[in-house]
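# Close look at the chain arrangement
Read off the chains here:
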Amino acid sequence: MASENIKVAYWPGCVSRGFTPELHGSMALVAERLGIELVELDRANCCGAGVIAEHNQELADTLNARTFALAQQTGLSMMNICSTCQGAQSECQQRLDADSAYRAHVNEALSGQGLSYEKGEEGGWTNKNFLWLLVEDYGLDRLAAQVKRPLSGLRVGPFYGCYIVRPKERLGYNHFPDRDIYLEKVIETLGGQIVEYDGARKCCGFPVITMNRETSLRQAGTHVGDAIDAGADCLVTPCPLCHLNLDMQQPEAAKVVNRDLGLAVLHLPQLVGLALGADPKELGMGKHIASTRWVEERLTSGVAA
Amino acid sequence: MAEYTIKVRRFQPESGEGPYWEQFNVDLDPSLSVLDGLLQAKDKEDGSLAVRCSCRAAICGSCGMKVNGQSTLGCKTQIGEAQEQADKMKAATGVSAAEADSPIRGEGSDLGSADNPIVIEPMGNMPVIKDLITDMESTHWTKIRRVTPWLLPHGEPPEREYVVDPESMIDITQSMACIQCGACVSSCLSMEADPGFIGPAALAKAYRFVGDPRDAETEERLHDLAEDPHGIYDCTHCFSCIDACPKGVAPMDQIMRLRRRAGEEGIEDPNSGHDHEMAFVKIIEKKGTLDESLLLQESFAPGVKGKLKPSKRAIKEMLGSIPTAIRGIKTGKMRSLPKLIPGVHHKLPGGAQDDVQAIYRHAETHNEEFNLYIKGEEGELAEDDVEKGIERSTEPAGQEASNGQ
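Calculation criteria
- Residues numbered from 1 in each chain as written.
- Chains lettered and ligands numbered in written order.
- Predicted model: local features only at pLDDT ≥ 70, side-chain atom pairs only at ≥ 80, totals over all residues.
- Heavy atoms only, no water.
- Phe/Tyr/Trp six-rings, centres within 6.5 Å; stacked < 30°, edge-to-face > 60°.
- Helix = DSSP H or I, 4+ residues; strand = E, 2+ residues; numbered from the N terminus.
- Buried < 20%, exposed > 50% of the residue type's maximum accessible area, 1.4 Å probe, protein only.
- Lys NZ or Arg CZ within 6 Å of the ring centre and 35° of its normal.
- Contact = heavy atoms within 4.5 Å.
- Buried area = accessible area lost by both parts, 1.4 Å probe.
- Salt bridge = Lys/Arg side-chain N within 4 Å of Asp/Glu carboxyl O.
- Polar contact = N/O pair within 3.5 Å; in protein donor to acceptor, adjacent residues only side chain to side chain.
- Nonpolar A, V, L, I, M, F, W, Y, C, P; charged D, E, K, R; others polar.
- 1 Å grid on protein atoms, 1.4 Å probe; cavity = no way out; pocket = protein on both sides within 12 Å on 5 of 7 lines; lining within 4 Å.
- Points joined across faces, edges and corners; volume = space filled by probe spheres on them.
- Pairing = 2+ DSSP bridges.
- Axes fitted to C-alpha atoms, helices over the stretch in contact; angles between N-to-C directions.
- Patch = residues over 30% accessible without salt bridge, like charges linked within 9 Å, V, L, I, M, F, W, Y side chains within 5 Å.
- Areas by Shrake-Rupley, 256 points an atom, 1.4 Å probe, with all protein chains shown as cover.
- Lys, Arg positive; Asp, Glu negative; His and termini not counted.
- Charge placed at Lys NZ, Arg CZ, Asp CG, Glu CD.
- Core = buried A, V, L, I, M, F, W, Y, C linked by side-chain atoms within 4.5 Å.
- Parallel < 35°, antiparallel > 145°, perpendicular 65-115°, else oblique.
- Left-handed = near helix turned anticlockwise from the far one by under 90°.
- Expected span 1.5 Å × (residues − 1).

This next bit is on the packing of aromatic side chains. Inspection of the entire model under this criterion finds 5 aromatic pairs over all chains. Seen in terms of ring centroids, A:F68 and A:Y117 are 5.4 Å apart; in terms of plane orientation they differ by 55 degrees. Their pairing is tilted. A residue pair is termed long-range when its members are at least 10 positions apart, and A:F68 in helix 3 (residues 57-73) and A:Y117 in the loop between helix 5 (100-110) and strand 4 (127-129) qualify at 49 residues. By relative accessible area, A:Y117 is classed as buried at 0%. Taken together through their ring pairs, the aromatic side chains of A:F68, A:Y117 and A:W125 make up a single cluster. Positioned over the ring face of A:W132 is A:R179, at 3.6 Å from the centre of the ring. One residue, B:R9, lies across the ring of B:W21, its end atom 5.6 Å from the ring centre.

Have a look at this one:
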């Protein structure tokens, strides 16, 4: 399987084209270097991030069924680059797959657009975050063979984002029990050093940034601080919403937790891109709020830890 | 039989010392529980090891604890699986829990298997009384009482019991499944950052009464839960409580139901949770993808353009976001008009926006909620039911009922 060409229907999500444009750009670059062909779903809509489901569950299910149906029209499985998209879409997919009558009911709303979401056979039609695709379909051996600049000595803390680790049953952990250690596997494959710290699978706080700013920023600040204390040179995350709280809000989070922070937070494609030899600038690392210069220096100087 | 090393976080207040780790070697079948392992250690090695338990069958809810960091019931976690989890994390991270900074006592620390023990801790987000026994009163029960966990019917009580249509009670069976073990409270990442949060157990309990057709103060309850700044809009959607709950209550889902009900009542909350939700929903209807700057503006000051006087909170929040915006402009992250000016964001291309709007129109007339807990998966019984040989109570699909004997 690992040697086959990979071509996927690609849902980039909203934030990767909004406040984290560097994610969308770095994914395109990395996909090309890895030989993953992306067929972008430019007519697809927001996953609702759980917020639309909170308002009207059927609306969220139908909106995501539309995205799935658009992807299925291409004859390809789907890939996303956002833990939140993964979680919100998996939630809808779980309900749609559970019951044919409900699926038919939702598809009725799509019929006017010539669309229909069909439940795949077990593992037949999938929607996977780039992280899952990289490990399960692309393969770590194949990834290792592509590494041009091992991240030797770079100490990387994983940050998953809640939506891609919980609930385990919904997110396919029965079939893929190691999905909560994939970031570690990727970091290791790229030649980096794993930094384990308390916050790796905790909440970045972003969902309540507008509702309870202090709680939200305390979460982000605590995790960044813990990673620094554990010796991390940077964090890596497959979720752009986590990136907003961990990077864009980092100076504000520092005020709430009352300590200096200043830790680079990389998007997963950026970390992969660095190991593939891409220039940090091409990967949009200059757009980050927390400076990535330290990461670049460590890589160019080749200092071992 | 297999040998395991369990590493227990212990604390005895009377000693005047802080908490410490102690390792015990136990010998039991992998299919037995972590609680069985603890009881063996207590029986054979140290009778003073304090653990609360009763039924040992995931019914009473007494033995809430953290196993390898996961909040759960000790009696519902097989010790063999707990060892596999510990091995997996060790292999992935290279970090063993035995490298924790606290001193380790006990003979287990001399043995080979001890470099990767099963780590057992008392529940989180609540004070520890002794070893694995936490103070449920000061957190869990206080929060449960906070939501008025009893029925508030109006009018003269009937002569006999209140009679309800069984169908109307199905919606709350999920929240009624709670056994008050506190595992969700222990796991709550929102409460970890904000101890004032009412929390998953109490809010699930609140939904049990909000959804009860016999209760006459639903609206008052919703106002209370939405208007408390540490209420339903303080949940961060982290799903920890869903994975922690041994009974499938999915407290977070109940919190989202409370938000939906509060929204339907049109309740405005001090956290702008409802405004945020409505802004999000409307933006996707108009644009298909998220206009982040408009979401920020509308979450704090809905319809601000038409208002002469936005609220104090809106002004404060909008001013507070200026430094972040300036930083974003400096690095180029936000250097484009649609990101800076609310409402400039593009629509979906080529008529796709009309398709999204058609979906909105359809869903508004239905707003169906499909509850997997109640309906189950088509054509197959939930695992638990197969184990117990129980027939599903609601018989959603014909096949299921016939398979369930």
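On to the interface of chain B and chain A. On the side of chain A, 78 residues touch chain B, which itself brings 75 residues to the contact. Area buried by chain B at its contact with chain A is led by B:K333, B:I359 and B:F370, which between them contribute 11% of it. At the surface where chain B touches chain A, the tally comes to 7 salt bridges. A salt bridge links B:R259 to A:E54; the nearest nitrogen and oxygen atoms lie 3.1 Å apart. Applying the counting criterion to the chain B and chain A interface returns 31 residue pairs in polar contact (both at pLDDT 80 or more). For the side of chain B that touches chain A, the element with the most residues is helix 17 (residues 352-366) of chain B, which contributes 10 residues. Among the residues forming the side of chain B that touches chain A, the class breakdown is 31 nonpolar, 24 polar and 20 charged.

On to the layout of surface pockets, then. Put simply, the second largest pocket is a space of about 860 Å³. The wall of the second largest pocket is formed by 50 residues, among which A:F19, A:F206, B:E292, B:L295 and B:L296 lie closest to the centre. For the lining of the second largest pocket, the secondary structure elements donating two or more residues are helix 2 (51-55), helix 4 (83-98) and helix 10 (240-248) of chain A together with helix 12 (273-287), helix 13 (292-300), helix 14 (312-320), helix 15 (322-331) and helix 16 (337-340) of chain B. With 6 residues, helix 13 of chain B is the largest single contributor of residues to the lining of the second largest pocket. In the lining of the second largest pocket, the residues fall into 32 nonpolar, 12 polar and 6 charged.

With that out of the way, let us pick up the pairing of strand 1 (residues 2-10) of chain B. Residues and elements named next belong to chain B. Of the strand pairs in this sheet, strand 1 and strand 2 (residues 20-28) are connected by 9 bridges, and their pairing is antiparallel. Residue V8 lies in a different strand from strand 2, and its bridge partner there is E22. Bridge count for strand 1 against strand 6 (residues 118-121) is 3 bridges, and the pairing is parallel. Its bridge partner being in strand 6, I6 is matched across the sheet by I118.

Moving on, we come to the sheet that holds strand 2 (residues 36-40) of chain A. All names here are of chain A. Taken in spatial order, the 4 strands of this open sheet run 2-1-3-4, and their pairing is parallel. Every interior strand has two partners, whereas the edge strands, strand 2 and strand 4, have only one. Neighbour to neighbour, the strand axes of the sheet diverge by 40 degrees on average, direction disregarded. Across 3 bridges, strand 3 (residues 78-80) lies against strand 4 in parallel orientation. Each residue of the ladder has a partner; that of N80, found in strand 4, is N129. Its contacts with the sheet place helix 6 (residues 130-138) against strand 1 (6-11), strand 2, strand 3 and strand 4, and it is angled at close to 105 degrees to strand 4.

So, on to a negative patch on the surface. Residues and elements named next belong to chain B. Negative charge collects at one region of the surface, where E219, E220, E264 and E265 lie side by side. Position of E220 relative to the elements: it lies in helix 9 (residues 218-227). Classification of E220 as partly exposed rests on a relative accessible area of 43%.

This part covers unusual backbone geometry. A:R166 connects to A:P167 through a cis peptide bond whose omega is -10 degrees. Phi at B:N68 takes a positive value of approximately 50 degrees, unusual for a residue other than glycine. As for its position among the elements, B:N68 is in the loop between strand 3 (64-67) and strand 4 (70-73). A positive phi angle, near 65 degrees, is found at B:H237, a position not held by glycine.

This next bit is on the sheet that holds strand 5 (residues 155-158) of chain A. What holds strands together in a sheet is hydrogen bonding between their backbones, with the strands either parallel or antiparallel. Residue and element names in this part refer to chain A. What the 4 strands build is an open sheet, ordered 6-5-7-8; its pairing is parallel. Where the open sheet ends on each side, the last strands, each with one partner, are strand 6 (193-194) and strand 8 (264-267). Along the sheet, helix 10 contacts strand 7 (234-237) and strand 8; its crossing angle with strand 8, the most-contacted strand, is approximately 170 degrees.

Ranked by internal contacts, the top residues of the largest apolar core, which has 75 residues, are A:I52, A:L246, B:F280 and B:I284. Tallying contributions element by element places helix 3 of chain A first for this core, with 8 residues.

Next up on the list: the pairing of strand 6 of chain B. Here strand 3 of chain B pairs with strand 6 of chain B via 2 bridges, running antiparallel. Its bridge partner lying in strand 6 of chain B, B:V67 is registered against B:I120.

This brings us to the packing of helix 8 (residues 200-210) of chain B against helix 9 of chain B. Residues and elements named next belong to chain B. Between helix 8 and helix 9, the least distance of the axes is 10 Å, while the angle of their chain directions is 155 degrees. Classified by the interaxial angle, the pair formed by helix 8 and helix 9 is roughly antiparallel. Classified by chirality, the crossing of helix 9 by helix 8 is left-handed. Only T218, R221, L222 and L225 of helix 9 make contact with helix 8, whose side of the interface consists of L203, A206, F209 and V210. Class assignment of the residues belonging to the contact of helix 8 with helix 9 gives a composition of 6 nonpolar, 1 polar and 1 charged.

Okay, helix 11 (residues 251-264) of chain B next. For an α-helix the count is 3.6 residues per turn, leaving residues at separations of three or four pointing the same way. All names here are of chain B. In this model, helix 11 (14 residues) spans 20 Å end to end at C-alpha, consistent with the 20 Å of a helix rising 1.5 Å per residue. Of all the 14 residues making up helix 11, 11 are buried; the element is thus mostly covered by neighbouring parts of the structure. Taken together, the buried positions of helix 11 are P251, M252, Q254, I255, M256, R257, L258, R259, R260, A262 and G263.

Moving on, we come to the side chain of A:E54. Mapped onto the fold, A:E54 is located in helix 2. Excluding residues within four positions of it along the chain, A:E54 makes contact with B:Y233, B:H237, B:M256, B:R259, B:R260 and B:E277.

Residues and elements named next belong to chain B. Relative to the 21 Å expected for 15 residues at 1.5 Å per residue, helix 2 (residues 79-93) spans 21 Å between its end C-alpha atoms, a close match to the ideal helical length. Inspection of helix 2 places I79, G80, A82, Q83, A86, K88, M89, A92 and T93 among the buried residues, and these make up the whole buried set. Phi turns positive, to about 75 degrees, at G94, one or two residues after helix 2.

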